[in-house]
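# A structural walkthrough
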Amino acid sequence: MSYVTIYRALLQPTQAETLVARGGDYGVYLHPGPFDINYSTGSPDPLAPQNTMNLGQASRHFPKGSYIIVLVMPSQVPSGTSPIGWAAAGIRFAQAVAALDLEFPGIVGERLYEGTMQTQSEPFFLSWEEGYRFTANTGYRPSAVATALQARLDQLHALPAEVLDRFTLAARWFRRANDSTNSIDRVLFYYTVLEVYPTLGSADVPNCVSDFLVENVYPTFTRQQIKEKLDLGRICGFRAEIVHDGKANVDQGETVRVMEYVARLQAVSRTCLRVLAQLPPGSDLDRFVR
């Protein structure tokens, strides 16, 4: 198993691939390019995204330049050592890239690729950091997107400037959370969405969000009922573990629980953003509340 992250390096190119740091399961390289990497792909079938995946292969070309490559091979870790797989790769990526920037500020440029990599011994290797996310819907029709999107964007741009600014700030964090493949990061990003809106400066995110949902979506429920059904108190406690206790990884045995936290936070964030944008709140939360 090989995992790799590749950054543009803001330094003079080396003459050839150069190993600058190594450990039992990783190596950090400087590379002048050009080079190619091959990787396996898996994507939802547009006709049946809820249960079908299309498999394939792809390649990326990196022209002459200056690159930082962190290559992690967790299979080289002795059996029984934890963490493994993507968890090990994520740790090595974070440590190596941060160490580089701390020692040489500004040396790390834009990230160009992060994922798995095929090798001669492993010509097909497909892995997601925390599992593949099948979608619950059965696929959207292009005509529906074409009809609704322009109207929604026009409606957004017609909002008062201060409301649009707050929506834009929250939307940036929402996009980061959706794009992330790490549950710890997703909890932090979605939680930040709720700090931007509807919490509006209060430190009591669970109660503020619960009050907001009662007022705007579920008027027949109480604050306490919404808070309990959405697990907002426990989610707040878990977020505190991450931020205040330095929890960097999901422990064995808590993956399902944390994935449930992420699902609730995503649905709450989506609902609150809809209300902020003066759209109908939708029904994303009904499966948790009803």
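So, a few notes on the structure that sits alongside this text.

Rules used in this analysis
Throughout this document, residue positions are counted from 1 along each chain, in the order its sequence is written. The model is predicted, so local features are restricted to residues of pLDDT at least 70 and side-chain atom pairs to those at 80 or more, both for listing and for counting; the totals for chains, interfaces and linings are taken over all residues. To obtain the side-chain values, all non-hydrogen atoms of the structure were used and water was disregarded. Under this scheme, a helix contributes an axis fitted over its contacting stretch, all axes are lines through C-alpha atoms, and angles between N-to-C directions fall in the 0 to 180 degree range. A run of DSSP states H or I qualifies as a helix once it reaches four residues; a run of E qualifies as a strand once it reaches two. Both are numbered from the N-terminal end. For this classification, under 35 degrees means roughly parallel, over 145 means roughly antiparallel, 65 to 115 means roughly perpendicular, and everything else is oblique. Handedness of each helix crossing follows the sense of rotation of the near helix against the far helix: counterclockwise by less than a right angle gives left-handed, clockwise gives right-handed. In what follows, a contact means two residues having at least one pair of non-hydrogen atoms within 4.5 Å. Under this grouping Gly is polar, as are all residues other than the nonpolar Ala, Val, Leu, Ile, Met, Phe, Trp, Tyr, Cys and Pro and the charged Asp, Glu, Lys and Arg. Patch membership needs two things, relative accessible area over 30% and no salt bridge, and members are linked within 9 Å if like-charged or within 5 Å if nonpolar (Val, Leu, Ile, Met, Phe, Trp, Tyr). Areas reported here follow the Shrake-Rupley algorithm with a probe of radius 1.4 Å; residue values treat only the protein chains shown as occluding. Salt bridges, as used here, are contacts in which a Lys or Arg side-chain nitrogen is within 4 Å of a carboxyl oxygen on Asp or Glu. Only protein chains enter the calculation, and the probe is 1.4 Å; a residue is then buried if its accessible area is under 20% of its type maximum, exposed if over 50%, and partly exposed in between. Ring geometry is summarised as follows: Phe, Tyr and Trp rings, the Trp one being its six-membered ring, pair when their centres sit within 6.5 Å, and such pairs are stacked at plane angles under 30 degrees, edge-to-face over 60 and tilted between the two. By the criterion adopted, a ring carries a charge over it if an Arg CZ or a Lys NZ lies within 6 Å of its centre and within 35 degrees of its normal. Polar contacts, as used here, are pairs of N or O atoms within 3.5 Å; protein pairs need one atom able to donate a hydrogen and one able to accept it. Residues neighboring in sequence count only if both atoms are side-chain atoms. Using protein atoms alone on a 1 Å grid, points that fit a 1.4 Å probe yet trap it form a cavity, whereas open point sets bounded by protein on both sides within 12 Å along at least five of seven lines form a pocket; residues with an atom within 4 Å of a point count as lining. Grid points are joined across faces, edges and corners, and a volume is the space filled by probe spheres set on the points. Here the nonpolar core consists of buried residues drawn from Ala, Val, Leu, Ile, Met, Phe, Trp, Tyr and Cys, with membership extended through side-chain atoms lying within 4.5 Å.

Another point: the packing of helix α4 (residues 183-199) against helix α5 (residues 205-216). Two elements in contact, α4 and α5, have axes whose closest approach is 10 Å; the angle formed by their N-to-C orientations is 60°. In terms of axis orientation, α4 runs oblique to α5. Classified by chirality, the crossing of α5 by α4 is left-handed. Here Tyr191, Leu194, Glu195, Tyr197, Pro198 and Thr199 of α4 lie close against α5, whose contacting residues are Val205, Pro206, Cys208, Val209 and Phe212. Per-class residue counts for the contact of α4 with α5 are nine nonpolar, one polar and one charged.

This next bit is on a nonpolar patch on the surface. A cluster of nonpolar side chains, namely Val145, Leu149 and Leu153, defines an oily patch on the protein surface of about 240 Å² accessible area. Looking at the element boundaries, leucine 149 is found in helix α2 (residues 142-157). Among the residues examined, leucine 149 registers a relative accessible area of 47% and is labelled partly exposed.

Quick look at the environment of valine 250 now. Relative to the helices and strands, valine 250 is located in the loop between α7 (232-245) and α8 (255-276). C-alpha of valine 250 to C-alpha of isoleucine 184: the two residues are 66 residues apart in sequence and 7.0 Å apart in space.

Before going further, it helps to spend a moment on the packing of aromatic side chains. Working definition: an aromatic ring pair is given by the centre-to-centre distance plus the angle between the planes. As enumerated under the stated definition, the model contains nine aromatic pairs in all. Judged by centre distance (5.8 Å) and plane angle (80°), the ring pair of phenylalanine 62 and tyrosine 67 falls under edge-to-face. Owing to a relative accessible area of 3%, phenylalanine 62 belongs among the buried residues under this scheme. Cluster of aromatic residues (ring-pair linked, three or more members): Phe35, Phe62 and Tyr67. The cationic tip of arginine 176 hangs over the ring face of tryptophan 173; the distance from NZ or CZ to the ring centre is 4.5 Å.

Bringing the side chain of asparagine 182 into the picture now. Considering the arrangement of structural elements, one finds asparagine 182 in the loop between α3 (161-179) and α4. In terms of polar contacts, asparagine 182 uses its side chain to reach the backbone amide nitrogen of aspartate 185, at 3.1 Å.

Right, let's talk about the pattern of salt bridges for a bit. Applying the stated criterion to the full structure yields 14 salt bridges. The closest approach of N and O atoms between glutamate 195 and arginine 239, which form a salt bridge, is 3.5 Å. Placement of the pair is glutamate 195 in helix α4 and arginine 239 in helix α7, with a sequence separation of 44 residues. As a salt-bridge pair, arginine 223 and aspartate 211 come within 2.9 Å of each other at their nearest N and O atoms. With a gap of twelve residues between them, arginine 223 in helix α6 (residues 223-229) and aspartate 211 in helix α5 connect regions that are remote in the sequence. Salt bridges linked by common partners bring Lys247, Asp251, Glu254 and Arg257 together as one network.

Tallied over the full model, the rule gives one cavity of 30 Å³ or more. What lines the largest cavity is simply Tyr191, Leu194, Val205, Pro206, Val209, Leu232, Ile235, Cys236 and Leu265. Broken down by secondary-structure element, the contributors of at least two residues to the lining of the largest cavity are α4, α5 and α7.

Turning to the nonpolar core, a few remarks are in order. Membership of the largest hydrophobic core comes to 43 residues, with the highest contact counts inside it found for Leu213, Ile226, Leu230, Val268 and Leu285. For this core, the secondary-structure elements that each account for two or more residues are α3, α4, α5, α7, α8 and α9 (286-289). When residues in this core are grouped by element, the largest group, eleven residues, is from α8. Apart from residues lying up to four places away in sequence, leucine 285 is in contact with Leu213, Tyr218, Leu230, Arg264, Ala267, Val268 and Thr271. In terms of nonpolar packing, the next biggest core, distinct from the first, is built from 16 residues, Tyr3, Leu30, Val72 and Trp86 among them.

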